[in-house]
Amino acid sequence: MNKIITILLLYIQIQSKIIIYLVIALTGKNFNPNPDKPINKQYHKLQIDSMPIIEALDKLDYKQLLIDYQLKNGKTLKPIKRRKQSNIPKSLTCPKCNAPHDYLYDNTGGRGQFQCKVCSCTFNYKNRFSKSAILRCPYCSKVLEKIKERKDYYIYKCKSDDCSFYLSNLKKMSKEEKSLFKEKPHKFKVRYIYRQFNFDFKPLSKDNEQLPTVDISRIHASQHTLGLILTYYVNYGLSSRRTTAIMEDIHQLKISHQTVLNYAEYVGTLVKPFIDNYPYELSDSFCADETYIKVNGKWQYIFFFFDAVKKIILSYHVSPNRDTLSAIKAIDDFLSKLKSIPKGLSFVVDGNPIYLLAQHFFAQHDINFDVTQVIGLTNDDPISTEHRPLKQIIERLNRTFKLSYKSTNGFKSSKGSIAFVNLFVAYFNFLRPHSSLEKSIPVVIPQLKDLPHMPARWIKLINLSQEYLIEQQSA
Ligand SMILES: [Zn+2]
Ligand SMILES: [Zn+2]
């Protein structure tokens, strides 16, 4: 029985291929088998080609070079003695011989020009990759040419006229397109393009996480008072001034609104490592969205990634820019919460090309996942029924966030806004009953479950965060 079904399915697949082929043959147009899939108009220009062939150049081995030096000179080549602390990142190694940062001279006093003491290679952040590899076109194997330098990446192009990628794109053009191409070749993307990123960012590295230093002793309020303040300020979304008013009117406690802000900042900083390292049980359905927050009169972006089934926020990166590096950092925060990166990992994002660029960045580090871009996920464009539930989930998250954020009237500093977002995430993941989870909390922490009220839960959460931090600091 199963066999028959398999054969029939195969038969259907073959038939559908034949139909598509016939349609293309008859009309000369590519037939879109999925017509109600939204088409990305705004970002249509950006098309990302497959990875190039990366050919590693002959690499030297600094360990061998050090042994050779010892044999030749009768003494060891010592790491560089520095008079003052260097700005060289610990993750930086020599592109030619892999020597660690202790062997790298900072040639320009922090402006990013380095020299390796072991092999004498000079390099900078931007050209270090080209010192260790050459890039070839995956279609014709010709060496790619660097054609543009952007802030975050270089653009390489295959300029070969015999390239199969180029030739097949030319072939696909209609008559009108061909004549337009002759006039305005720059309007068409017909050649293979590759983007080489210049960030000094190591994906999924523990170095990306910094343990905060919080002086919790500066909180003079009693635990219950602190719990009350957080409940009003975060759960109920009251402004710091309204929180002050309610503390006085109802609880007869005089607390300045600046104190409310200060406490929020301490606790927000304190809970982050706990949120980030909690052993979440996740589904396999993830999506992302950006929202805004005002800091010092300027808009900043928050990149939310979350588990669409479990309603757990996994990434909440705040950045002044909506750029590729921010998307990379947000994805990195998200990926680091997965126990391992599952085969076929995929998540849904809006149409912003930064996610595709980020996908390429990770692919270059052997971290592979799929990005499904859905236009209309966060605005009023038409959207396919398949993704409508996701749109509702995202809108609900955004509404919840805006509700608690609205009353804060923006932040004076990045520190304050980041701390507030941290508090919001702690609340959303660990404290807030979720309507679509039948009023249960996305992540039930056993120690919080039986506590009588919200202030007590906040205090327990703070204690757990503190314990976690102490554990990490002494590890
Ligand atoms: Zn070297
Ligand atoms: Zn080529």
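Predicted model, so just to flag it, every value in this text is computed and none were measured.

Cut-offs applied
Residues numbered from 1 in each chain as written. Chains lettered and ligands numbered in written order. Predicted model: local features only at pLDDT ≥ 70, side-chain atom pairs only at ≥ 80, totals over all residues. Heavy atoms only, no water. Helix = DSSP H or I, 4+ residues; strand = E, 2+ residues; numbered from the N terminus. Buried < 20%, exposed > 50% of the residue type's maximum accessible area, 1.4 Å probe, protein only. Areas by Shrake-Rupley, 256 points an atom, 1.4 Å probe, with all protein chains shown as cover. Donors = N, O, S within 2.8 Å, 3.2 Å for Na, K, Ca; no water. Tetrahedral: all angles 85-135°; square planar, octahedral: opposite > 155°, others 65-115°. Salt bridge = Lys/Arg side-chain N within 4 Å of Asp/Glu carboxyl O. Polar contact = N/O pair within 3.5 Å; in protein donor to acceptor, adjacent residues only side chain to side chain. Contact = heavy atoms within 4.5 Å. Pairing = 2+ DSSP bridges.

S.K.: Please give an account of the overall build of the protein chain that cites residues and values.
M.R.: Each helix and strand in the protein chain was counted, giving 13 helices and 13 strands. Per-residue burial over the protein chain gives 43% buried out of 475 residues. Total accessible area on the protein chain is roughly 27400 Å²; 52% of this is exposed by carbon and sulfur atoms.

S.K.: Could you give an account of the coordination of the zinc ion (ligand 1), with specific residues and numbers?
M.R.: Put simply, a metal with four donors set out as a tetrahedron has ideal angles of 109.5 degrees, and one with six donors set out as an octahedron has ideal angles of 90 or 180 degrees. Protein ligation of the zinc ion (ligand 1) involves Cys 94 (SG), Cys 97 (SG), Cys 116 (SG) and Cys 119 (SG), the donor distances falling in the range 2.3 Å. Coordination at the zinc ion (ligand 1) is tetrahedral: its four donor atoms span angles of 106 to 115° at the metal. Written as a sequence motif, the donor arrangement for the zinc ion (ligand 1) is C-x2-C-x18-C-x2-C. The same class applies to Cys 94 and to Cys 97, which are both buried.

S.K.: Explain the coordination of the zinc ion (ligand 2) to me, and be specific about the residues and the numbers.
M.R.: Protein ligation of the zinc ion (ligand 2) involves Cys 137 (SG), Cys 140 (SG), Cys 158 (SG) and Cys 163 (SG), the donor distances falling in the range 2.2 to 2.4 Å. Bound by four donor atoms, the zinc ion (ligand 2) shows angles of 95 to 117° at the metal and therefore tetrahedral coordination geometry. Motif for the zinc ion (ligand 2), donor spacing along one chain: C-x2-C-x17-C-x4-C. Note that Cys 140 is positioned in the loop between β5 (133-136) and β6 (145-149) and Cys 163 in the loop between β7 (153-157) and α3 (164-172), a separation of 23 residues in sequence.

S.K.: Any details on the environment of Gly 110? Residues and values, ideally.
M.R.: Position of Gly 110 among the secondary structure elements: in the loop between β2 (104-106) and β3 (113-116). Of the residues examined, Gly 110 reaches a relative accessible area of 43% and is grouped as partly exposed. Linking Gly 110 and Asn 87, residues 23 residues apart in sequence, is a C-alpha distance of 5.9 Å.

S.K.: Explain the pattern of salt bridges to me, using residue names and the numbers behind them.
M.R.: Counted according to the given criterion, the structure contains nine salt bridges. For the salt bridge of Glu 145 with Lys 159, the shortest nitrogen-to-oxygen distance reads 3.4 Å. Of the two residues, Glu 145 is situated in strand β6 and Lys 159 in the loop between β7 and α3; the sequence distance between them amounts to 14 residues. Across the salt bridge formed by Arg 322 and Glu 290, the nearest N and O atoms sit 2.4 Å from each other. A residue pair is termed long-range when its members are at least 10 positions apart, and Arg 322 in the loop between β11 (312-319) and α8 (324-335) and Glu 290 in strand β9 (residues 286-295) qualify at 32 residues. In this structure Glu 290 comes out as buried when scored by relative accessible area, which is 7%. Connected via shared salt-bridge partners are Lys 272, Asp 276 and Lys 337.

S.K.: Any details on the side chain of His 317? Residues and values, ideally.
M.R.: Secondary-structure assignment places His 317 in strand β11. When its relative accessible area of 18% is taken as the criterion, His 317 is described as buried.

S.K.: Would you mind going over the side chain of Asn 398 in detail, with residue names and values included?
M.R.: By the secondary structure assignment, Asn 398 is in helix α10 (residues 388-406). Owing to a relative accessible area of 14%, Asn 398 belongs among the buried residues under this scheme. At 3.5 Å, the side chain of Asn 398 forms a polar contact with the side chain of Thr 291. Non-local contacts of Asn 398, meaning those with residues more than four positions away in its chain, are made with Asp 289 and Thr 291.

S.K.: Tell me about the pairing of strand β10 (residues 298-307), residues and numbers included.
M.R.: In terms of burial, β10 is a largely internal element, eight of the 10 residues being buried. Here β9 runs beside β10; their pairing, made up of 10 bridges, is antiparallel. Bridged to Val 295 within β10 is Lys 298. With antiparallel pairing between neighbouring strands as the criterion, β9 and β10 make up a hairpin whose turn holds two residues, including Asn 296 at a positive phi of roughly 55°. In textbook terms, the turn of a hairpin is the stretch between consecutive antiparallel strands, and for β10 and β11 this stretch comprises four residues, one of which, Lys 311, has a positive phi near 60°.

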